[in-house]
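Fold and contact review
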Amino acid sequence: MRPAVQKAKAEEAPLFAKGVIIGCGLIGGSLALALRENGAVQHLAAVDSNPSSCELAVELGVVDAAYSTLREAVTDADLIVFAAPVRQTCELLAKLAALPLKPGCIVTDVCSTKAEVCAQAARLLPSGVHFIGGHPMAGSEKSGVKAANARLFENAVYVLTPPEGTDADAFAKLVQAIESVKAQVLVLEPAVHDRVVAAISHVPHIIAAQLVDQVMRLSGHPEHGGLYTKLAAGGFRDVTRIASGNAQMWRDIVLSNRDVIRELLVDWQVGVADLLAKLDESEGGGLQSFFHEAAAFRDALPTKLRGAVRSVYEISIDAPDEPGVIGKVATLMGIHGINLNGVGLIESREEDNGQVLLSYRSKRDMEQGAHVLLINGFQVYFRD
Ligand SMILES: NC(=O)c1ccc[n+]([C@@H]2O[C@H](COP(=O)([O-])OP(=O)(O)OC[C@H]3O[C@@H](n4cnc5c(N)ncnc54)[C@H](O)[C@@H]3O)[C@@H](O)[C@H]2O)c1
Ligand SMILES: O=C(O)C(=O)C[C@]1(C(=O)O)C=C[C@@H](O)C=C1
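Residues numbered from 1 in each chain as written. Chains lettered and ligands numbered in written order. Predicted model: local features only at pLDDT ≥ 70, side-chain atom pairs only at ≥ 80, totals over all residues. Heavy atoms only, no water.

Quick note on the threshold: UniProt positions are given in the numbering used here, feature names are shortened, and annotations may be inferred rather than shown by experiment.
Looking up the protein chain in an unreviewed UniProt entry gives the name Prephenate dehydrogenase, with the organism given as Tumebacillus flagellatus. You can read under Sequence similarities (unreviewed entry) in the UniProt record for the protein chain the words "Belongs to the prephenate/arogenate dehydrogenase family." Here is the UniProt Catalytic activity (unreviewed entry) comment for the protein chain, exactly as written: "prephenate + NAD(+) = 3-(4-hydroxyphenyl)pyruvate + CO2 + NADH".

Following this line, the structure appears as structure tokens:
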């Protein structure tokens, strides 16, 4: 049973006096921003092997201080978060284990695979230090602290993998910190996590890269090679956005979960063979069923989890390359008395002109908002 957890409130005492983020890039920086913003950590430091990331993290106000050595950074820390790539995290865990740590300190990570990291932590970290693995199911193809975003974890599922016998108070405190960034905790066994996430994240990443690779090779064609990139529109861009992710990070993820990924790629080969057979059917009934079933399953995916901050009925519009589009939209909503809950640029999707996301608290507001935008010449997209 999960221990009862109270919500962190800004006016309450911080949950942690000193926190350290090890690896202050997209995810570490986003977590740092969110934890500082809501007052969950009183003093937050970063340690990063890249000196310019350290400088930038302080300059951008992501952390209070930055260090180049682990020893300096973790002294007296009561929360330590590993947010480096998987392989680096495994190596850093060994280094951390050799340092004097504050008794009762909570250590966690954000790595995209859990079995290897959790096994390494269990093997190396001393008793009296509480390790609880973690993985926020939110991110983007961008990397580095510059891309950090305090809102990244809102409504995202945040997996925790507490080992057997985890201290209930330590667990409750970590859950409270995660819920303070408006993410939703889901407890899983590391191996179950890795099996499921291989199918919904790791293999899709490989396939996106493979699709890009195919087009890259075709675009070397001497006569019409240039057409491939010229004609690449929404479909190709939507399905391959994630292929822009950091190569080192993805190498580590895939190597760390290679057994499950191998199984899924073999299954993928079976799927491709089956598709080739369907191509030879003259009436295309098999193809139609294949597309129909895929569309039905995709359409039935749960909408993004909306927990504490459930508001949200969303539409997006193309943002023309001209200033003031957000102001124009807000004004239109105001004139028509439509309650707009939030507005912002979509950073996780790559569109030619970028997109503006609009959220409403009710379906009615969203529908009225969409109508007003349509009659004012905006291209409106409904989001599931
Ligand atoms: N990008 C995503 O969408 C996403 C989502 C969830 C989890 N993750 C996981 O989060 C972790 C970080 O990913 P990211 O996207 O923030 O990557 P990133 O490249 O933006 O940041 C990683 C940071 O770690 C630093 N670093 C690397 N080696 C280090 C070392 N030995 N010591 C100290 N710092 C070191 C880098 O300099 C960089 O600043 C990875 O384990 C990744 O699997 C990523
Ligand atoms: O690029 C995104 O939109 C992501 O959320 C990235 C994504 C994913 O595959 O869903 C990538 C790796 C992570 O470990 C978690 C999230």
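Having seen the structure, we can now continue with the description.
1. Examining a nonpolar patch on the surface
Quick note on the threshold: Patch members must show over 30% relative accessible area and no salt bridge, and they are joined within 9 Å when carrying like charges or within 5 Å when they are nonpolar side chains of Val, Leu, Ile, Met, Phe, Trp or Tyr. For the accessible areas, the method is Shrake-Rupley and the probe is 1.4 Å, while residue cover comes only from the protein chains on display. Take a side-chain nitrogen of Lys or Arg and a carboxyl oxygen of Asp or Glu: if they are within 4 Å of each other, that pair is a salt bridge. Secondary structure follows DSSP: runs of H or I at least 4 residues long count as helices, runs of E at least 2 residues long count as strands, and numbering of each begins at the N terminus.
Taken together, the side chains of Trp 268, Val 272, Leu 276 and Leu 279 define a hydrophobic patch exposed on the protein surface, amounting to about 410 Å² of accessible area. With respect to the secondary-structure elements, Leu 276 resides in helix α11 (residues 258–279).

2. Examining the site of ligand 1
Inclusion rule: We call a residue near a molecule or strand when any one of its heavy atoms sits within 4 Å of it. Any pair of N or O atoms that falls within 3.5 Å is considered a polar contact. Within protein, one atom must be able to donate a hydrogen and the other to accept it, and sequence-neighbouring residues count only if both atoms are side-chain atoms. Nonpolar residues are Ala, Val, Leu, Ile, Met, Phe, Trp, Tyr, Cys and Pro. Charged residues are Asp, Glu, Lys and Arg, and all others, Gly as well, are polar. Here the limits of each domain have been adopted from an automatic or database domain assignment.
Around ligand 1 sit 28 residues in total, of which Asp 48, Ala 84, Gln 88, Ser 112 and Gly 144 are the nearest. Between ligand 1 and the protein, one listed contact pairs an oxygen atom with a backbone N or O atom of Leu 26 at 2.8 Å. Between an oxygen atom of ligand 1 and a main-chain N or O atom of Ala 84, the distance comes to 2.7 Å. About the coverage of ligand 1: the protein hides 88% of its 830 Å² of free accessible area. Counting residues per element, the shell around ligand 1 draws most heavily on helix α4 (residues 86–97), at three residues. Residues that form the shell around ligand 1 fall into these classes: 14 nonpolar, 13 polar and one charged. Each of two domains, domain 1 (16–188) and domain 2 (193–299), supplies a minimum of three residues to the shell around ligand 1.

3. So, the packing of helix α7 (residues 190–218) against helix α10 (residues 247–256)
Using the following cut-off: Inter-axis angles, ranging from 0 to 180 degrees, are taken between N-to-C directions of lines fitted to C-alpha atoms, where helices are fitted over the stretch in contact. Throughout this description, any angle smaller than 35 degrees is read as roughly parallel, any larger than 145 degrees as roughly antiparallel, any in the 65 to 115 degree range as roughly perpendicular, and the remainder as oblique. Throughout, a crossing is termed right-handed when the near helix is turned clockwise from the far one, and left-handed when it is turned anticlockwise from it by less than a right angle. Contact between two residues is taken to exist if any of their heavy atoms lie within 4.5 Å; hydrogens are not considered.
In the contact formed by α7 and α10, the axes pass within 11 Å of each other and the chain directions differ by 125°. Judged on the interaxial angle alone, α10 and α7 are oblique. Where α7 crosses over α10, the two elements pack in a sense that is left-handed. Contact residues: α7 offers Ser 201, His 202, His 205 and Ile 206, while α10 offers Trp 250, Ile 253 and Val 254. Split into classes, the residues belonging to the contact of α7 with α10 amount to four nonpolar, three polar and no charged.

4. Some thoughts on the pattern of salt bridges
The condition that has to hold: Under the scheme applied here, a residue whose accessible area is under 20% of the maximum for its type counts as buried, over 50% as exposed, and between as partly exposed, the area being computed with a 1.4 Å probe on protein chains only.
Inspection of every chain in the model, using the stated rule, returns 12 salt bridges. A salt bridge links Arg 151 to Glu 37; its shortest N-O distance comes to 2.5 Å. Within this pair, whereas Arg 151 is found in the loop between β6 (130–136) and β7 (157–161), its partner Glu 37 is found in helix α1 (residues 26–37), the two being separated by 114 residues in sequence. Residue classification places Arg 151 among the partly exposed residues on the basis of a relative accessible area of 42%. On the basis of relative accessible area, Glu 37 is assigned to the exposed category, the value being 51%. Here Lys 363 and Glu 367 are joined by a salt bridge, their closest N and O atoms 3.9 Å apart. Pair noted here: Lys 363 and Glu 367 are both in helix α14 (residues 363–375), with a separation of four residues, about one helical turn. The network of salt bridges with common partners includes Glu 37, Arg 151 and Glu 154.

5. Re the site of ligand 2
Neighbouring residues of ligand 2: Ser 112, His 135, Ala 138, Gly 139, Ser 140, Glu 141, Ser 201, Arg 241, Ile 242 and Trp 250. One of the side-chain N or O atoms of Ser 112 is found 2.7 Å from an oxygen atom in ligand 2. Interatomic distance of 2.6 Å between a side-chain N/O atom of His 135 and an oxygen atom of ligand 2. Relative to its unbound accessible surface of 370 Å², ligand 2 loses 80% to contact with the protein. Looking at the shell around ligand 2, its residues break down into three nonpolar, five polar and two charged. Each of domain 1 (16–188) and domain 2 (193–299) gives at least three residues to the shell around ligand 2.

6. Quick notes on the environment of Thr 240
Turning to its location among the elements, Thr 240 is positioned in helix α9 (residues 234–240). The contact partners of Thr 240, leaving out residues within four places of it in the chain, are Ala 208, Leu 211 and Val 212. Of the polar contacts made by the side chain of Thr 240, one reaches the backbone oxygen of Phe 236; its length is 2.5 Å.

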